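Chains, contacts and geometry: an overview
Below, each chain spelled out in residue letters.
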Amino acid sequence: MSDITRVALDAMGGDHAPEAMVQGALDAVAEFGVELTLVGRGPELLEILKQKGVQTLPKGLEISHAPDVVDMHANPTMVLKEHPESSMVLGLKLLHDGEGDAFVSAGNTGALLTGATLACKRIRGIRRAAMGPVIPNRHGGTVLIDAGANVDCTPEYLLQFGYMGSFYASRMLGKQNPRGGLLSNGTEDTKGGALRLETYALLRRAHEAGRLNFAGNVEARDVFDGQVDVIVADGFSGNVLLKSIEGTAGYLMKELK
């Protein structure tokens, strides 16, 4: 499973920051025993901790002061230049410098993706970074990759998404020889446009060479059956699927209430 022991957390990013981030950090340190660094405005974070009755930082929790914040309207391509002292950028620097095994932020997604690409760099040989949320289902969860970072993709990008998603499912979710599928409008190998047909061929070739466990095409409705551990998609289709799930879940919860 995971070798992650120290997590850097953007305390100022997200709709309910920094209160929710501070509480989450306290819970994580207590429940999971990880070492955690809250990156954000130090005096503000200390005041929130005091309001929660925490006078002394618990073992495993640290604060790294960052005076600036990347808001949701910031230009993603300019985040490093315009917000070098922000909680997001300084958190990414901790990751880059080896002072954290992972960095978590609920802030500006575009800025996070661009910042990570520029500050931490891509894995050698990987052409594009991708978003890979884990969609819960009856078998634990399925990695959806990409979920919005790359609207226009090539078959090569999607093949690499398959590799990254498979590695994540194996290392982080504990899936043995994770099964991957290609998001399409049908399970037949003839379904989809040129991008999916070409990608299907690449994924099938990787499967035959023993580099991936490719199960074929999957439809959006297959996500919750857990038939596959990884769903490969271009950023546009993956984002539509993700937002459809969010909207459906929100509607059902309102109706139930």
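From a predicted model like this one, the values you see are computed outputs, not experimental measurements. (Residues numbered from 1 in each chain as written. Predicted model: local features only at pLDDT ≥ 70, side-chain atom pairs only at ≥ 80, totals over all residues. Heavy atoms only, no water.)

Remarks on the overall build of the protein
Each helix and strand in the protein was counted, giving 8 helices and 9 strands. Seen through its C-alpha atoms, the protein measures out along the principal axes to roughly 60 × 45 × 35 Å. When the 257 residues of the protein are sorted by exposure, 41% land in the buried category. Restricting the contact set of the protein to residue pairs at least 6 apart, pairs at least 24 apart contribute 67%. For the protein, the accessible surface area stands at approximately 13900 Å², while carbon and sulfur atoms represent 53% of it. Averaging the positions of the 25 positive and the 31 negative side-chain charges in the protein gives two centres separated by 4 Å. (Helix = DSSP H or I, 4+ residues; strand = E, 2+ residues; numbered from the N terminus. Buried < 20%, exposed > 50% of the residue type's maximum accessible area, 1.4 Å probe, protein only. Contact = heavy atoms within 4.5 Å. Areas by Shrake-Rupley, 256 points an atom, 1.4 Å probe, with all protein chains shown as cover. Lys, Arg positive; Asp, Glu negative; His and termini not counted. Charge placed at Lys NZ, Arg CZ, Asp CG, Glu CD.)

What about the sheet that holds strand E9 (residues 230-232)?
Within the open sheet, the 5 strands sit side by side as E5-E6-E9-E7-E8. Their pairing is mixed. Looking at the sheet topology across the chains shown, the edges are occupied by strand E5 (134-135) and strand E8 (213-218). Summarising the sheet, strand E6 (residues 142-145) and E9 pair through 3 bridges and their orientation is parallel. Bridging across to E9, Leu144 finds its partner in Ile231. (Pairing = 2+ DSSP bridges.)

So, a nonpolar patch on the surface
Nonpolar side chains collect at one region of the surface, where Val151, Phe236 and Val240 lie side by side and expose about 280 Å² of accessible area between them. Relative to the helices and strands, Val151 is located in the loop between E6 and helix H6 (155-171). (Patch = residues over 30% accessible without salt bridge, like charges linked within 9 Å, V, L, I, M, F, W, Y side chains within 5 Å. Salt bridge = Lys/Arg side-chain N within 4 Å of Asp/Glu carboxyl O.)

Notes on the packing of aromatic side chains
Enumeration over the complete set of coordinates arrives at 1 aromatic pair. Between Tyr200 and Phe214, the aromatic rings sit 5.3 Å apart at their centres with planes inclined by 75°, giving edge-to-face as the arrangement. Remark: Phe214 occurs in strand E8 and Tyr200 occurs in helix H7 (residues 194-208); sequence separation between them is 14 residues. Per residue, the accessibility class of Tyr200 equals that of Phe214, and both read buried. (Phe/Tyr/Trp six-rings, centres within 6.5 Å; stacked < 30°, edge-to-face > 60°.)

Quick look at the side chain of Asn217
When you line up the elements, Asn217 lands in strand E8. A polar atom in the side chain of Asn217 sits 2.8 Å from the backbone oxygen of Glu188. Setting aside residues up to four positions removed in sequence, Asn217 forms contacts with Leu182, Ser184, Gly186, Thr187, Glu188, Asp189, Lys191 and Tyr200. (Polar contact = N/O pair within 3.5 Å; in protein donor to acceptor, adjacent residues only side chain to side chain.)

Digging into the pairing of E8
The element E8 is extensively covered by neighbouring structure, given that 5 of its 6 residues are classed as buried. Pairing of strand E7 (residues 179-183) with E8 involves 4 bridges; the strand directions are parallel. The partner of Leu183 across the bridge, within E8, is Val218.

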